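Structural characterization, general
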Amino acid sequence: MTAAVFPVATDGDHEVIENLTFDELQIGQSARLVRTLSQADIQAFAAVSGDTNPAHLDPVYADATMFHGVIAHGMWGGALISAVLGTTLPGPGTIYLEQSLRFARPVRVGDTLTVMVTVLAKDEQKKRVELDCTVTNQQQEKVLSGVARVLAPTEKLRLPRIQAPQIQLFDPEARLKALLAQGQGLAAVRCGLVHPCHAGVLEGALRAAREGLIEPVLIGPPERIRETAETAGIDLQGVELLAAPHSVASAAAGAALAAEGRIEALMAGSLRKDELLAAVQAVPALHTRRRLSHVFRFEVPTYAKPLLLTDAVLHAAPTLAEKADIVRNAMDLARIMGVQTPRVAVLSAAEEIDAGVPSTIDAASLCKVADCGQIVGGLIDGPLAFDSAVSAQSARVKHPNSTMAGQADVLLAPDMEAASMLARQLQYLAGATASGLVLGARIPITLVTHRHDSATAYLASAVLAKRVAHHYRLVKP
């Protein structure tokens, strides 16, 4: 019995796959496939199959099982057998009729499997073929075996090899856990929840309290807050509540508490952003040398690191001076969250200086301001198109010498309209998860930027608020 690794055929610049017809197949003829299991393989198989058995996905649960760790889905090995049958032996045109499988050993991340398929028998009348299927690991231990029965192709086929679709794996819970880890080791900060009369902010704030991020202080009309909590099944037992008759009074009370040092962060509930910000701006003790600006933090499935976007909330048509403060605030947040030298891409529709496109003038001016040492602590480049800022492939073509292109940590949009549209596109088309803060005051402020913001968005924003508040304890803004 001989085994062969069938080479990849080429047709010019294209790979092709070629089948073996029933008449070409010989008893004892073999083909094999070698594949190493990765965590991404397990996640992709779970996503496609819907098999979310915790033995494959939950390390804590899996450690307590008889296998003492995460293992691959059994049918992942079966899928590898199918891959050999469908692409190599017999190849295209094969019709699966029957497959028996016996699972002998678990397969773990890092295991290298060798799949061997061997022709056992041929049925001349029905054109059926029986094949022995064996899967072994790197220790030559058998992990899977069985027999496949197929209807072999009778027509010779030579076809271009189809590239498998690329699966972008994104685990929001894993990303959230990584963000929550940045809040560990620091004492919880007292956070004023201003007019928290919808369930999302209450759920997010109380979960943030359980995670040790904040000590919530509810500020608003007690009856409405309790009614909201009761409707959502939220227990407010033991949570401090300060009465205020309406949203404007709630905002004023929150700003006053912050000015007195009794709270270190503010989180907006169901009130308009201008009500809360007006209350903050009316208290000189909360002012800094900076203008207020909003910074979104996105976890984007197709981007390898968190992406900050500013300003999609406060500045409709920012001036150059306002953009300078917007950049400074965003760079501060990036550094507080662990980015040592944040890269700021100043976005525009054009990438050359053009008097007819004002954002290109602002971009060039901001770079010059940074060169003069008036914006420090990061790298600034622009004008850049969005693709140049976040795509290494695009950047290599258009900006081969740029140290910024394709690696942006911060996106500065030309105006609020562009930033807001980009924010929604990242969320609703790219599947990004969002959190964010208003910076520029002596305390961090979390705003409701959308009525459908989830409790998770408030929880993630609470991590940012905690880190910023602790930073402000050491460095007065």
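The numbers attached to residues start from 1 for each chain and follow its sequence in the written order. Only residues with pLDDT of at least 70 get local features here, since the model is predicted, and only at 80 or more are side-chain atom pairs given and counted; chain-wide, interface and lining totals rely on the full set of residues. To obtain the side-chain values, all non-hydrogen atoms of the structure were used and water was disregarded.

Numbered from the N terminus, helices here are DSSP runs of H or I no shorter than four residues, and strands are runs of E no shorter than two. On a plain count of helices and strands, the chain comes out with 15 helices and 20 strands. With respect to the principal axes defined by its C-alpha atoms, the chain has extents near 90 × 60 × 35 Å. The buried share of the chain, reckoned over its 477 residues, is 47%. Within the chain, counting contacts between residues at least 6 apart in sequence, those at least 24 apart form 72% of the total. Per-residue accessibility takes into account occlusion by the displayed protein chains alone, with areas from the Shrake-Rupley method and a 1.4 Å probe. For the chain, the accessible surface area stands at approximately 23100 Å², while carbon and sulfur atoms represent 53% of it. Partly exposed describes any residue whose relative accessible area lies between the buried limit of under 20% and the exposed limit of over 50%, with all areas from a 1.4 Å probe on protein chains only and scaled to the type maximum. Any two residues whose heavy atoms approach within 4.5 Å are treated as being in contact.

Side-chain rings of Phe, Tyr and Trp (the six-membered ring for Trp) are treated as a pair once their centres are within 6.5 Å; stacked means planes under 30 degrees apart, edge-to-face means over 60, and tilted covers the remaining angles. Tallied over the full model, the rule gives one aromatic pair. Against the face of Phe-22 rests Lys-122, its NZ or CZ located 4.4 Å from the ring centre. Geometrically, a lysine NZ or arginine CZ counts as sitting over a ring once it is within 6 Å of the ring centre and also within 35 degrees of the ring normal.

To characterise two packed helices, one gives the angle between the axes of the helices and the distance between these axes. Comment: axis = line fitted to C-alpha atoms, over the contacting stretch for helices; angle = value between 0 and 180 degrees taken between N-to-C directions. At a minimum axis separation of 9 Å, helix H5 (residues 172-181) and helix H15 (residues 455-474) run at an interaxial angle of 30 degrees. The angle between the axes of H5 and H15 places the two elements in the roughly parallel class. Of the two possible hands of crossing, H5 and H15 adopt the one that is left-handed. Between H5 and H15, the residues in contact are Leu-176, Leu-179 and Leu-180 and Thr-456, Leu-459, Ala-460, Val-463 and Leu-464, respectively. Partitioned by chemical class, the residues of the contact of H5 with H15 number seven nonpolar, one polar and no charged. Orientation categories follow fixed angle ranges, with anything under 35 degrees roughly parallel, anything over 145 roughly antiparallel, 65 to 115 roughly perpendicular, and all other angles oblique. Crossing handedness is read from the near helix: turned anticlockwise from the far helix by less than a right angle, it gives a left-handed crossing, and turned clockwise, a right-handed one. Each residue gets one of three labels, nonpolar for Ala, Val, Leu, Ile, Met, Phe, Trp, Tyr, Cys and Pro, charged for Asp, Glu, Lys and Arg, and polar for the others, Gly among them.

Once that is clear, we can look at the nonpolar core. We call a set of buried residues a nonpolar core when its members are Ala, Val, Leu, Ile, Met, Phe, Trp, Tyr or Cys and they connect through side-chain atoms within 4.5 Å of each other. One finds Ile-214, Ile-375 and Ile-380 to be the most contacted residues of the largest nonpolar core, which totals 55 residues. Counting residues per element, this core draws most heavily on H15, which supplies ten residues. Residues in contact with Ile-380, not counting those within four places in the same chain, are Val-327, Met-331, Val-344, Val-346, Cys-367, Ala-370, Ile-375 and Met-404. Counting residues in hydrophobic clusters, the runner-up holds 47 residues, among them Ala-279, Phe-296, Ala-408 and Leu-426.

Close approach of charged atoms allows side chains with opposite charge to pair. Throughout this description, the term salt bridge denotes a Lys or Arg side-chain nitrogen within 4 Å of a carboxyl oxygen of Asp or Glu. A full pass over the atoms with the stated rule returns 23 salt bridges. Of the charged contacts in the structure, one is a salt bridge between Arg-149 and Glu-98, with a shortest N-O distance of 3.3 Å. You can see Arg-149 sitting in strand E8 (residues 142-151) and its partner Glu-98 sitting in strand E4 (residues 95-99), a full 51 residues away along the chain. By relative accessible area, Glu-98 is classed as partly exposed at 41%. Note that Asp-409 and Lys-305 form a salt bridge whose closest N and O atoms lie 3.0 Å from each other. Of this pair, Asp-409 sits in the loop between helix H13 (392-398) and strand E18 (410-412) while Lys-305 sits in the loop between strand E14 (293-299) and strand E15 (307-310); the two residues are 104 residues apart in sequence, bridging distant segments of the chain. Connected through shared salt-bridge partners, Glu-18, Glu-24, Lys-156 and Arg-158 make up one network.

Strand pairing follows a simple DSSP-based rule, namely that at least 2 bridges must link the two strands. Looking at chain direction, E4 and E8 are connected through four bridges and run antiparallel. Bridge pairing in E8 places Glu-98 opposite Arg-149. As defined by bridge partners, strand E5 (residues 102-103) adjoins E8 across two bridges and the pair is classed as antiparallel. Note that in E8 the partner of Phe-103 across the bridge is Leu-144. In the sheet, strand E7 (residues 128-136) pairs with E8 via nine bridges, with the strands oriented antiparallel.

Here the expected span of a helix is defined as 1.5 Å times the quantity of residues minus one. If you check helix H8 (residues 247-259), its first and last C-alpha atoms are 18 Å apart, about what 13 residues at 1.5 Å a residue would give, namely 18 Å. Contacts made by the buried residues of H8 are with strand E10 (189-194), strand E11 (214-220), strand E12 (240-243), strand E13 (265-268) and helix H9 (273-281).

With that settled, consider the environment of Asp-311. Here Asp-311 lies in the loop between E15 and helix H10 (320-336). Classification of Asp-311 by relative accessible area gives buried; the value is 3%. In this structure, Asp-311 is in contact with Ser-293, His-294, Ile-326, Asp-415, Met-416 and Ala-419, ignoring residues within four places of it in sequence. Counting of polar contacts relies on pairs of N or O atoms within 3.5 Å, with two restrictions inside protein: one atom must be capable of donating a hydrogen and the other of accepting it, and residues adjacent in sequence are counted only when both atoms are side-chain atoms. Separated by 3.1 Å, the side chain of Asp-311 and the backbone nitrogen of His-294 make a polar contact. Within polar-contact distance, the side chain of Asp-311 engages the backbone nitrogen of Leu-314 at 2.9 Å.

Next up on the list: the pairing of E7. Of the strand pairs in this sheet, strand E6 (residues 112-123) and E7 are connected by nine bridges, and their pairing is antiparallel. Paired with Val-115 across the two strands is Val-135, which belongs to E7. The hairpin formed by E6 and E7 contains four residues between the paired strands, and Lys-127 there has a positive phi angle of roughly 60 degrees. Adjacent in sequence and paired antiparallel, E7 and E8 are bridged by five residues, among which Gln-140 carries a positive phi angle near 65 degrees.

This paragraph deals with H15. In this model H15 runs 29 Å from its N-terminal to its C-terminal C-alpha over 20 residues, within 8% of the 28 Å that 1.5 Å per residue would give. Burial analysis of H15 places 16 of its 20 residues in the buried class, the great majority of the element.

When you line up the elements, Leu-242 lands in strand E12. Taking C-alpha positions, Leu-242 is 4.8 Å from Ile-219, a pair spaced 23 residues apart along the chain. In this view, Leu-242 contacts Val-217, Leu-218, Ile-219, Gly-220 and Leu-257; residues no more than four positions away in its chain are not counted.

Once that is clear, we can look at the side chain of Arg-467. Note on placement: Arg-467 falls in helix H15. Asp and Glu count as negative and Lys and Arg as positive, but His and the ends of the chain are not part of the count. For the buried Arg-467, no salt bridge exists, and the shortest N-O distance to an oppositely charged side chain is 12 Å, to Glu-299. Apart from the residues lying within four places of it in its own chain, the contact partners of Arg-467 are Gln-182, Leu-186, Ile-336, Met-337 and Gly-338.

Any functional reading would require information that these geometric values do not contain.
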